[in-house]
Protein chains: 2
Amino acid sequence: MGRSGDTRERIVRTSARLLLSRSYGSVSVDDVCAAADVRKGSFYHFFPAKADLAKAVVDLHTDALLERLAAASGDTAAQRLHGVADAVGGIQAGFESTFGRVVGCPFGNLAAELSTVDDTLRDHLASAFARWERGFAVTCHQAADEGVLREGVDPDRLAHSLLAHTQGRILLAKVGGHSATDVAATLHDLIDVHLREGAV
Amino acid sequence: MGRSGDTRERIVRTSARLLLSRSYGSVSVDDVCAAADVRKGSFYHFFPAKADLAKAVVDLHTDALLERLAAASGDTAAQRLHGVADAVGGIQAGFESTFGRVVGCPFGNLAAELSTVDDTLRDHLASAFARWERGFAVTCHQAADEGVLREGVDPDRLAHSLLAHTQGRILLAKVGGHSATDVAATLHDLIDVHLREGAV
């Protein structure tokens, strides 16, 4: 990667850290430039507007998330569903270790703060959530095909439910000062209640 | 209520609307004063800092929420659990009708944006969430006492799960442009999967 790519990546990674530890509104372009040690002209060369930076941060997290979900392994779909919960817990544990607390989901934080403020950013976040949900849905459909879901449980609705639960549980951990381990635990509970008795 | 109380209440109600339709960071004290038609000196008389206003807005929503939850009726605990989902859906439908779209949960929005930025506000929001969760837990314990929860379902964990789900589902509706009706529907699904077969 050339020097220009290095600079862009440094801006994105620095911003990802700043946004997670604070909020979009409380991080200025000046803050980013100071923390990433780049000039403002250079920043605006890569990101004409602050919202363009937010989109790049969303893309960075999306790639990391999808990689993590794809790595969720297990011999059965039920095990892989629990692997998905572990993947989410693992990502949160990583943030917790970096920041000393649960700081929320990078997508959820931006979605809550900006969905009513910036429509193109909202669309970008909606696409990221949709990719995430499709990742969950693959495993939920495998569970349906293996016959381990409870009677009446629709795999697509379960995928949506898992995503909603993930978002809400991370938010409650952030505001309540709970640990990343707690987040994974309640996701495991949610998965278990949707599986037939004895499914592993 | 005297004129002073009127002014304070007008500031709080106006701010509640502005915060829901935008974000904390994008609404300035100037915006609030202009929309509520009060002078800045008057604003700071009631709210020494913008965070004090946010707390008052949280209190306004907490009172409305608890009143709504208390009104959730039904002959059986299962019916009252579904009534809780309807109460949440009803509040969201009210916001949807006011703003023309799902704008998020007033608690969740502030919690996502400010939990890492302002610790006293985070504590205030954590207390509001705890009161909400206790409201859910009362009905979940009644369901446990009536024997309608599935084997192994703990009523306190179910209350927490319902709150997490509510938060996440509202957020997904906000970012995905879904309706308040969709929010209530997935809460009903979540309740059903925790009830024994045939429980009504």
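Residues numbered from 1 in each chain as written. Chains lettered and ligands numbered in written order. Predicted model: local features only at pLDDT ≥ 70, side-chain atom pairs only at ≥ 80, totals over all residues. Heavy atoms only, no water.

## Some details on the overall build of chain A
Then, in step 1: The helix and strand inventory of chain A stands at nine helices and zero strands.
Then, in step 2: For chain A, the sequential pattern of α-helices and β-strands runs α-α-α-α-α-α-α-α-α.
Then, in step 3: For a compact globule of 200 residues, the expected C-alpha radius of gyration is about 16 Å, and chain A comes in at 18 Å, within 12% of that figure.
Then, in step 4: Overall, the C-alpha framework of chain A stretches about 60 × 35 × 30 Å when taken along its three principal axes.
Then, in step 5: Each of the 200 residues in chain A was classed as buried or not, and the buried ones make up 54%.
Then, in step 6: In chain A, the proportion of contacts linking residues at least 24 apart, taken out of those at least 6 apart, comes to 67%.
Then, in step 7: The positive charge centre, built from 21 side chains, and the negative charge centre, built from 26, are 7 Å apart in chain A. (Helix = DSSP H or I, 4+ residues; strand = E, 2+ residues; numbered from the N terminus. Rg over C-alpha atoms; globule rule 2.2 N^0.38 Å. Buried < 20%, exposed > 50% of the residue type's maximum accessible area, 1.4 Å probe, protein only. Contact = heavy atoms within 4.5 Å. Lys, Arg positive; Asp, Glu negative; His and termini not counted. Charge placed at Lys NZ, Arg CZ, Asp CG, Glu CD.)

## Here we look at the interface of chain B and chain A
Note on interface size: it is often stated as the accessible area lost on association of the parts.
Then, in step 1: Each side of the interface is counted separately: chain B has 44 residues, and chain A has 44 residues.
Then, in step 2: Buried surface at the junction of chain B and chain A, both sides included, amounts to about 3,400 Å², of which 64% is carbon and sulfur.
Then, in step 3: Summed over the three residues of chain B that lose the most area to chain A, namely Thr116(B), Leu172(B) and Val175(B), the buried surface amounts to 18% of that side.
Then, in step 4: In this structure, the connection of chain B to chain A is made through four salt bridges.
Then, in step 5: The partner of Arg101(A) in a salt bridge is Asp119(B), and the shortest N-O contact between them spans 4.0 Å.
Then, in step 6: The interface formed by chain B and chain A includes 15 residue pairs in polar contact (both at pLDDT 80 or more).
Then, in step 7: Contributing elements (two or more residues each) for the side of chain B that touches chain A: α1 (3-21), α6 (106-114), α7 (119-145), α8 (155-176) and α9 (180-194) of chain B.
Then, in step 8: At 14 residues, α8(B) tops the list of elements feeding residues into the side of chain B that touches chain A.
Then, in step 9: Within the side of chain B that touches chain A, the residues separate by chemical class into 17 nonpolar, 17 polar and 10 charged. (Buried area = accessible area lost by both parts, 1.4 Å probe. Salt bridge = Lys/Arg side-chain N within 4 Å of Asp/Glu carboxyl O. Polar contact = N/O pair within 3.5 Å; in protein donor to acceptor, adjacent residues only side chain to side chain. Nonpolar A, V, L, I, M, F, W, Y, C, P; charged D, E, K, R; others polar.)

## A short note on the relation of the copies chain B and chain A
Mapping between the two chain copies consists of a rotation about an axis together with a translation along that axis.
Then, in step 1: Screw-axis analysis of chain B against chain A gives a translation of 0.0 Å along the axis, an RMSD of 0.0 Å, and a rotation angle of 180°. What the rotation and shift describe, once combined, is the action of a two-fold rotation axis. For chain B, the minimum C-alpha distance to the rotation axis belongs to Gly168(B) and amounts to 1.9 Å.
Then, in step 2: Interface overlap between copies is the fraction of interface residues in one copy that are interface residues in the other; for chain B against chain A it reaches 100%, indicating a shared surface. (Least-squares fit on C-alpha atoms with pLDDT ≥ 70 in both.)

## Remarks on the side chain of Gln167(A)
Then, in step 1: Checked against the element boundaries, Gln167(A) lands in helix α8 (residues 155-176).
Then, in step 2: For Gln167(A), a relative accessible area of 4% gives the class buried.
Then, in step 3: When residues no more than four places from it in sequence are discounted, the contact partners of Gln167(A) are Cys105(A), Gly108(A), Phe129(A), Trp132(A), Gly168(B) and Leu171(B).

## Some points on the packing of α8(A) against α8(B)
Angle between the axes and distance between the axes are the two parameters that describe a pair of packed helices.
Then, in step 1: At a closest axis distance of 6 Å, the pairing of α8(A) and α8(B) adopts a crossing angle of 105°. Overall, the two elements α8(A) and α8(B) adopt an arrangement that is roughly perpendicular. Counted together, His160(A), Ser161(A), Leu163(A), Ala164(A), His165(A), Gln167(A), Gly168(A), Arg169(A), Leu171(A) and Leu172(A) of α8(A) and His160(B), Ser161(B), Leu163(B), Ala164(B), His165(B), Gln167(B), Gly168(B), Arg169(B), Leu171(B) and Leu172(B) of α8(B) form the full contact between these two elements.
Then, in step 2: Here the residues of the contact of α8(A) with α8(B) sort into eight nonpolar, 10 polar and two charged. (Axes fitted to C-alpha atoms, helices over the stretch in contact; angles between N-to-C directions. Parallel < 35°, antiparallel > 145°, perpendicular 65-115°, else oblique.)

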